[in-house]
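Spelled out, the chains give:
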Amino acid sequence: MLRLIATSLCLRCQRATALPLHLRQCATLSSAENQQTVEALYDLSVDIQKVRQLKGWVLHQSPAYTKEVADLLKDMGASGSIIARILAAHPEAVLCHPEQMQAQRELWMSVCPKEIELVGIIEKFPASFFTSSSHNDNQRNNIVYFQSLNLNKRIITKLMASAPQSFSRPVEQNELMVCTLQQSYQDLGGEEANMKIWLQKLLSQNPFVLLKPPEVLRENLLFLRDKGFSTAELLRLLSKLRGFVTELNPDSMRHTLAYSQSTMGCSEEELRDIVLNCPAVLYYPDIVLAERFKGLLSVGISMSQIKETPTVLELTTQIVNYRIQRLRAHGYDVRTGSLEVLNGTKKDFEVSYGKLKLRRERPIFNPVAPLKGDD
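Student: Would you take a moment to explain unusual backbone geometry for this structure?
Tutor: Keep in mind that most residues, glycine aside, have a negative phi and that most peptide bonds are trans. Residue Pro63 is bonded to the preceding Ser62 through a cis peptide linkage, with omega at 5°. With respect to the helices, strands and loops of the structure, Pro63 is situated in the loop between α4 (48–55) and α5 (66–75). Its identity is not glycine, yet Asn150 carries a phi of approximately 60°, on the positive side. For Asn150, a relative accessible area of 53% corresponds to the exposed category.

Rendered as structure tokens:
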């Protein structure tokens, strides 16, 4: 009997230590589900099974403010179905204190004054809105800072939504990274008048650039300068990469550039031109590039064609094959024609394809050819 009790206690201890950290730290966790929370979620048509499967721990918490969350969202213009989707995707929202929710509402409306638009943001990024009250001061200070840069409110809202960590941390860290970006832009010859637009585009394309250490940017720019890129070319790259230059490191770039140069059989000068036209050569690992080179060569595209239009390397093999089949159906052979028609987004390709199809189908009128008449 004593052995049985000891075994039971050991198993219970193992289960306790296996719990996620945020559960073990919470003093209000109970062994049974909070029936008030469950019933309130049922009344709101929330998918309870999905909540139990993905974040069942929320249902064990007390207190919970399910009705208050729903009332807040409804007051902002959210429909019942939207509220249900938000709570199914992020049930932790019911643990947010009403005062904190109202504070977040006021904070977000300082950059997104239209409540119905804010509801759309909350639906996509609920975790960014229902956040800890300990971050309020940092959020407010960061909003004031980005507003002082005269950034568009939509850009600030996008930053808060997609990279909330950058607003939860002390404003001094963001100031340091922004100053590093601005200084790099100016050192490379960027014009002061265009810097705000450049910075907005950069942050919009890659909000996580703020979370990178400033030294990473400096190290990567120095590496590229050592590889022979001029100041003007580095500015082009910094603008084209949209923040990817902070995701890279000298070792990965050195490896990828060496592989690309060896595979394409080009000189260092030719390689720099290829990188300027297709920065993807810098940040795709060689295993990805190898698969794409193989896919292009297997359909009859030559290496010289790839060097002329390296942007095709940005497309997956599946996309390339699909587009080639579409073009072939209208008599266009990429083996003898330009690869430019393959490039771009899905929308870009459809426009190019439509123009090509129209040219193929439109009859050519010859003004000097005799007219056919009735005999």
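So that's the structure; there's more coming.
Student: I would appreciate a short explanation of the packing of helix α13 (residues 171–187) against helix α15 (residues 214–226) in the present structure.
Tutor: Two quantities define a packed helix pair, namely the angle between the axes and the distance from one axis to the other. Two elements in contact, α13 and α15, have axes whose closest approach is 9 Å; the angle formed by their N-to-C orientations is 20°. Between α13 and α15, the angle falls in the class roughly parallel. Facing Leu176, Met177, Thr180, Leu181 and Ser184 of α13, the residues of α15 in contact are Pro214, Leu217, Arg218 and Leu221.

Student: Quick question: what am I supposed to make of the nonpolar core here?
Tutor: A general tendency of soluble globular proteins is for nonpolar side chains to be buried together. Counting residues in hydrophobic clusters, the biggest one holds 102 residues, and the most contacted among them are Phe130, Phe146, Leu203, Leu224, Leu282, Leu327 and Leu342. Element by element, the count of residues in this core is highest for helix α6 (residues 80–89), at six residues. With near-sequence residues (within four places) excluded, Leu327 lies in contact with Tyr332, Val334, Val341, Leu342, Phe349, Tyr353 and Leu356.

Student: Mind showing me how you'd approach the environment of Tyr353 here?
Tutor: Mapped onto the elements, Tyr353 comes out in helix α23 (residues 346–361). With 26 residues separating them in the primary sequence, Tyr353 and Leu327 have C-alpha atoms 7.1 Å apart. Setting aside its immediate chain neighbours within four residues, Tyr353 contacts Arg326, Leu327 and His330. Within the structure, Tyr353 has its side chain in polar contact with the side chain of His330 (distance 3.0 Å).

Student: Got a minute to help me understand the pattern of salt bridges in this structure?
Tutor: For side chains of opposite charge, pairing can occur when their charged atoms come near one another. Inspection of the entire model under this criterion finds twelve salt bridges. Arg52 serves as the salt-bridge partner of Glu33, at 2.8 Å between the closest nitrogen and oxygen. With Glu33 in the loop between α2 (21–24) and α3 (35–43) and Arg52 in helix α4, this pair connects stretches of sequence that are 19 residues apart. Given the relative accessible area of 23%, Glu33 is considered partly exposed. Of the residues examined, Arg52 reaches a relative accessible area of 32% and is grouped as partly exposed.

Student: Please explain helix α20 (residues 286–298) as it appears in this structure.
Tutor: Quick reminder: α-helices carry 3.6 residues per turn. Residues three or four places apart thus point the same way. With 13 residues, α20 ought to run about 18 Å at 1.5 Å a step, and its terminal C-alpha atoms sit 18 Å apart, in line with that. Those residues of α20 that fall on the buried side of the exposure criterion are Leu289, Arg292, Phe293, Gly295 and Leu296. The arc that holds the buried residues of α20, viewed along the axis, is 165°, so those residues lie on one side. Turned more than 90 degrees from where α20 packs its buried face, Ile287, Lys294 and Ser298 sit exposed. In this structure, the buried side of α20 is in contact with α17 (250–264), α19 (280–283), α21 (303–308) and α22 (317–328).

Student: Help me out: how do you make sense of the packing of aromatic side chains in this one?
Tutor: For any pair of aromatic rings, the description rests on two quantities: the centre-to-centre distance and the angle between the ring planes. Considering all chains together, one arrives at eight aromatic pairs under this definition. Look at Tyr185 and Trp198: their rings are 4.5 Å apart centre to centre, the planes differ by 25°, and that puts the pair in the stacked class. Residue Tyr185 is located in helix α13, and its partner Trp198 is located in helix α14 (residues 192–205); the two are separated by 13 residues in the primary sequence. Here Tyr185 matches Trp198 in class, with each residue buried. For the pair Tyr259 and Phe293, a centre-to-centre distance of 6.5 Å together with 55° between the ring planes defines the contact as tilted.

About the criteria used
Residues numbered from 1 in each chain as written. Predicted model: local features only at pLDDT ≥ 70, side-chain atom pairs only at ≥ 80, totals over all residues. Heavy atoms only, no water. Helix = DSSP H or I, 4+ residues; strand = E, 2+ residues; numbered from the N terminus. Buried < 20%, exposed > 50% of the residue type's maximum accessible area, 1.4 Å probe, protein only. Axes fitted to C-alpha atoms, helices over the stretch in contact; angles between N-to-C directions. Parallel < 35°, antiparallel > 145°, perpendicular 65-115°, else oblique. Contact = heavy atoms within 4.5 Å. Core = buried A, V, L, I, M, F, W, Y, C linked by side-chain atoms within 4.5 Å. Polar contact = N/O pair within 3.5 Å; in protein donor to acceptor, adjacent residues only side chain to side chain. Salt bridge = Lys/Arg side-chain N within 4 Å of Asp/Glu carboxyl O. Expected span 1.5 Å × (residues − 1). Arc of directions from axis to C-beta. Phe/Tyr/Trp six-rings, centres within 6.5 Å; stacked < 30°, edge-to-face > 60°.

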